[in-house]
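# Overview (structure and organization)
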Amino acid sequence: NAGDRRDRAAGLLLGAALGDALGARFEGMSAVRAERLDEVETSGEELRYTDDTVLTLVLAEHLVEQEPGSGIRSQDLALGFARAWRAEPGRGWGGSIGNVFRAVLAGSEWSSAARSSFGGQGSYGNGAAMRVSPVALVAPTAPEAAALGQRSGEVTHAHPDGSHAAAVQACAVHLALSTTPGTAFDADRFLDGVASCCPDSRWISLLERTRATPRSSSPGEAAERLGNDVTAPGSVPLALFAFLRHPDSPREAVRFAIAAGGDTDTIGSMAGALAGARCGATALPPGPLRRLEGAARLRELGSLLASG
Ligand code: R7I
Ligand code: MG
Ligand code: MG
Ligand code: MG
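Report on the accompanying structure. (Residues numbered from 1 in each chain as written. Chains lettered and ligands numbered in written order. Predicted model: local features only at pLDDT ≥ 70, side-chain atom pairs only at ≥ 80, totals over all residues. Heavy atoms only, no water.)

## Section: helix α9 (residues 142–154)
Its 13 residues give α9 an end-to-end C-alpha distance of 18 Å, which sits within 8% of 18 Å, the value for a rise of 1.5 Å per residue. Among all positions in α9, only Ala142, Ala145, Ala146, Leu148, Gly149, Gln150, Ser152 and Gly153 are buried. Buried residues along α9 sit in contact with α3 (51–65), α4 (74–87), α7 (127–130), α8 (135–138) and α10 (160–178). (Helix = DSSP H or I, 4+ residues; strand = E, 2+ residues; numbered from the N terminus. Expected span 1.5 Å × (residues − 1). Buried < 20%, exposed > 50% of the residue type's maximum accessible area, 1.4 Å probe, protein only. Contact = heavy atoms within 4.5 Å.)

## Observations concerning empty space enclosed by the protein
Using the criterion set out here, one finds one cavity of 30 Å³ or more in the structure. Its volume calculated, the largest cavity comes out at about 60 Å³. Around the largest cavity, the lining residues are Gly15, Leu18, Leu22, Glu41, Pro250, Arg251, Val254, Gly272, Leu284 and Pro285. Counting only elements with at least two residues in the lining of the largest cavity, the list comes to α1 (2–23) and α15 (250–259). Within the lining of the largest cavity, the residues separate by chemical class into six nonpolar, two polar and two charged. (1 Å grid on protein atoms, 1.4 Å probe; cavity = no way out; pocket = protein on both sides within 12 Å on 5 of 7 lines; lining within 4 Å. Points joined across faces, edges and corners; volume = space filled by probe spheres on them. Nonpolar A, V, L, I, M, F, W, Y, C, P; charged D, E, K, R; others polar.)

## Examining the site of ligand 1
Every one of the 23 residues lining ligand 1 counts as a neighbour, but Ser96, Gln121, Ser123, His157 and Asp263 are closest to it. Take Asp51: an N or O atom from its side chain is 3.2 Å from an oxygen atom of ligand 1. Protein chains shield 84% of the accessible area of ligand 1, which is 700 Å² for the free molecule. Looking at the shell around ligand 1, the elements with two or more residues in it are α3, α7 and α16 (264–279). (Near = heavy atom within 4 Å. Polar contact = N/O pair within 3.5 Å; in protein donor to acceptor, adjacent residues only side chain to side chain. Areas by Shrake-Rupley, 256 points an atom, 1.4 Å probe, with all protein chains shown as cover.)

## Focus on the nonpolar core
Ranked by size, the top nonpolar core spans 102 residues in total, and within it Leu14, Phe190 and Leu292 carry the most contacts. For this core, the leading source of residues is α1, giving 10 residues. Membership of the second largest hydrophobic core comes to five residues, among which are Ala146, Ala167, Cys171 and Cys197. (Core = buried A, V, L, I, M, F, W, Y, C linked by side-chain atoms within 4.5 Å.)

## Brief notes about the packing of aromatic side chains
With the rule as written, the count across this model stands at six aromatic pairs. With 6.0 Å between their ring centres and 85° between their planes, Trp93 and Phe101 make a pair best called edge-to-face. Owing to a relative accessible area of 14%, Trp93 belongs among the buried residues under this scheme. For Phe101, a relative accessible area of 1% corresponds to the buried category. Centre to centre, the rings of Phe241 and Phe256 are 5.7 Å apart; their planes meet at 50°, and the pair counts as tilted. Of this pair, Phe241 sits in helix α14 (residues 236–245) while Phe256 sits in helix α15, and the two are 15 residues apart along the sequence. Taken together, the ring pairs in this structure connect Trp85, Trp93 and Phe101 into an aromatic cluster. (Phe/Tyr/Trp six-rings, centres within 6.5 Å; stacked < 30°, edge-to-face > 60°.)

## Remarks on the coordination of the magnesium ion (ligand 4)
Surrounding the magnesium ion (ligand 4) are the protein donor atoms Glu27 (OE), Asp263 (OD), Asp265 (OD) and Thr266 (OG1), at 2.0 to 2.3 Å. Around the magnesium ion (ligand 4) sit six donor atoms; with metal-centred angles ranging over 79 to 178°, the donor geometry is octahedral. Each donor residue of the magnesium ion (ligand 4) belongs to the same chain, and together they define the spacing E-x235-D-x1-D-T. In this model, the magnesium ion (ligand 4) sits 3.6 Å from the magnesium ion (ligand 2), the two metals being bridged by Asp265. With respect to burial, Asp265 and Thr266 carry one shared label: buried. (Donors = N, O, S within 2.8 Å, 3.2 Å for Na, K, Ca; no water. Tetrahedral: all angles 85-135°; square planar, octahedral: opposite > 155°, others 65-115°.)

## Section: the environment of Ser117
Here Ser117 lies in the loop between α6 (110–115) and α7. Put simply, Ser117 and Leu37 are 80 residues apart on the chain and 35 Å apart in space, counted from C-alpha to C-alpha. Dropping the residues within four chain positions of it, Ser117 is found in contact with Val100, Gly122 and Ser123.

## What about the pattern of salt bridges?
This structure, assessed with the given rule, holds 18 salt bridges. We note a salt bridge from Asp76 to Arg73, for which the minimum N-O separation is 3.0 Å. By relative accessible area, which is 42% here, Asp76 ends up partly exposed. The partner of Arg202 in a salt bridge is Asp161, with the nearest N and O atoms 3.0 Å apart. With a gap of 41 residues between them, Arg202 in helix α12 (residues 201–212) and Asp161 in helix α10 connect regions that are remote in the sequence. (Salt bridge = Lys/Arg side-chain N within 4 Å of Asp/Glu carboxyl O.)

Below, the structure written as structure tokens:
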């Protein structure tokens, strides 16, 4: 029903932001102990999000404004991202993405700006995947979510590893939204669905490695096998694994992702989007949610996109 759909949409966006904000202060650490996570969950402070959520919000607003069926307007989206970067330089941006945004603000077309980094090949950072979750709310099917994710990713990440990661994560979030919470989660079926939207053999093999990682692995073991860094192929698999590990608890999925260390805000955010999409906003931990920056707007955007 409509209320349930709105709850799942809100869970998707709030889960993404919560994972980002909870993971933010641990970004770059090698592993995070449970007591440190407890502290962040229970402190009275506002939970501030980072660039991951800044860009997720820009993409969500872009999708709300679009005419039905008109898709992504790439140059407008590139400008929206770039203006958000210029407005808030302190949000923990990726090392090279500023060059892309600077070129767009100086009048470059998005596709040449995106190719300007890393010697013309473009970035394979995880920035396209980390912000992609809202496309799952407007795409009718998982393959269409993958295609829309790809288009939104290319706007800044010209390297196929970077843009294909956005397709994979968008498809995965769409599939998570389509599962029924409270019924058994079928990890193999989920991974088959993601693989069927997969843009290339490289991602097929990353998904197979994710499937083959023992479900009982600790966060450290999973990170060792799947990676936990700022590259797209080195982070999306661990986020998927955190969700497979804890499909019925957004809190545990996010804690697992952050405990693994490395790119904690981003892997936490991608895991939070997946588990939040399946379980809904009502399943998110209420204490941290009350302290989350921007929560009211995220919830509102979820409603708008769910009913669009
Ligand atoms: O992808 P991007 O927006 O970064 C997102 C990350 C997340 O962790 C956020 O939380 C934020 O902290 O940053 O920004 P990029 O600068 O395009 O990519 C991120 C990093 O990936 C770069 O700074 C590089 O270290 C690495 N990288 C590459 N390294 C070598 N060659 C990306 N592409 C390449 C490459 O082609
Ligand atoms: Mg960040
Ligand atoms: Mg950073
Ligand atoms: Mg990060």
